[in-house]
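So you can see what is in the structure, the chains are spelled out below.
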Amino acid sequence: MRKIEHIGIAVKSLEASNILFEKLFGLPPYKEEEVVSEGVKTSFFMNGPNKIELLEATNPDSPIAKFIEKKGEGIHHIAFDVYDIEEEIKRLTEEGFVVLNEVPKKGADNKLVAFLHPKGTNGVLIELCQEIK
């Protein structure tokens, strides 16, 4: 893992949260997109070298909707940038981590992604990200 790629925050309203974070950072989101396969709309903010991803559920069965129902709005995951996501999945599986999707899938912001189960990472959902080339 090379660095923290972004921090994901689950929100009830992307529109309201975009206004809040625009005031906080003094800049609008640099990107908004929908990931239909995950039932989520996202927006990304830059703060210096750091990225924040806001996530709003687009349907009541999406992982974000379930997260908000259970825990409320807040930090949903921490994403790490990796050189080779398939090798990292293999390495982490061999180390005993539970990978929620062993085959990387297309995520937001032009990334391939995979997630580690939070039960094996002290309650924190970890996302692995590799730039799609």
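This text follows the structure it describes.
We now examine the overall build of the protein. Scanning the protein from terminus to terminus reveals 3 helices and 8 strands. Secondary structure of the protein in N-to-C order comes out as β-α-β-β-β-α-β-α-β-β-β. With the principal axes as the frame, the protein shows a C-alpha extent of 45 × 30 × 25 Å. By residue count, 43% of the 133 residues in the protein fall in the buried class. In the protein, the proportion of contacts linking residues at least 24 apart, taken out of those at least 6 apart, comes to 53%. For the protein, the exposed surface amounts to about 7,800 Å²; the carbon and sulfur share of it is 54%. Here the protein carries 17 positive and 23 negative side-chain charges, and the mean point of each set is 2 Å from the other.

Looking now at a negative patch on the surface. A contiguous patch of negative charge on the surface is contributed by Asp84, Glu86, Glu87, Glu94 and Glu95. In this fold, Glu87 is placed in helix α3 (residues 85-94). Residue classification places Glu87 among the partly exposed positions, given a relative accessible area of 47%.

For the rest of this paragraph, the subject is the sheet that holds strand β1 (residues 3-11). Pairing in this open sheet of 8 strands is mixed, and the strands run β2-β3-β4-β1-β5-β8-β7-β6 from one edge to the other. Each of the sheet's edge strands pairs with one partner strand only, and the pair in question is β2 (31-35) and β6 (105-106). When strand β5 (residues 74-81) meets strand β8 (residues 125-131), the two strands line up parallel, connected through 5 bridges. Residue pairing across strands places Asp81 opposite Cys129, the latter belonging to β8.

Here the focus is the pairing of β5. Where β1 lies against β5, 7 bridges are found, and the strand directions are antiparallel. Considered in β5, the bridge of Ile9 is made with Ile75.

With that settled, the discussion passes to the environment of Gly107. The residue Gly107 is located in the loop between β6 and β7 (111-116) in this model. Distance in space between the C-alpha atoms of Gly107 and Leu55 is 12 Å, their sequence separation being 52 residues. Apart from residues lying up to four places away in sequence, Gly107 is in contact with Val35 and Val113.

Rules and cut-offs
Residues numbered from 1 in each chain as written. Predicted model: local features only at pLDDT ≥ 70, side-chain atom pairs only at ≥ 80, totals over all residues. Heavy atoms only, no water. Helix = DSSP H or I, 4+ residues; strand = E, 2+ residues; numbered from the N terminus. Buried < 20%, exposed > 50% of the residue type's maximum accessible area, 1.4 Å probe, protein only. Contact = heavy atoms within 4.5 Å. Areas by Shrake-Rupley, 256 points an atom, 1.4 Å probe, with all protein chains shown as cover. Lys, Arg positive; Asp, Glu negative; His and termini not counted. Charge placed at Lys NZ, Arg CZ, Asp CG, Glu CD. Patch = residues over 30% accessible without salt bridge, like charges linked within 9 Å, V, L, I, M, F, W, Y side chains within 5 Å. Salt bridge = Lys/Arg side-chain N within 4 Å of Asp/Glu carboxyl O. Pairing = 2+ DSSP bridges.

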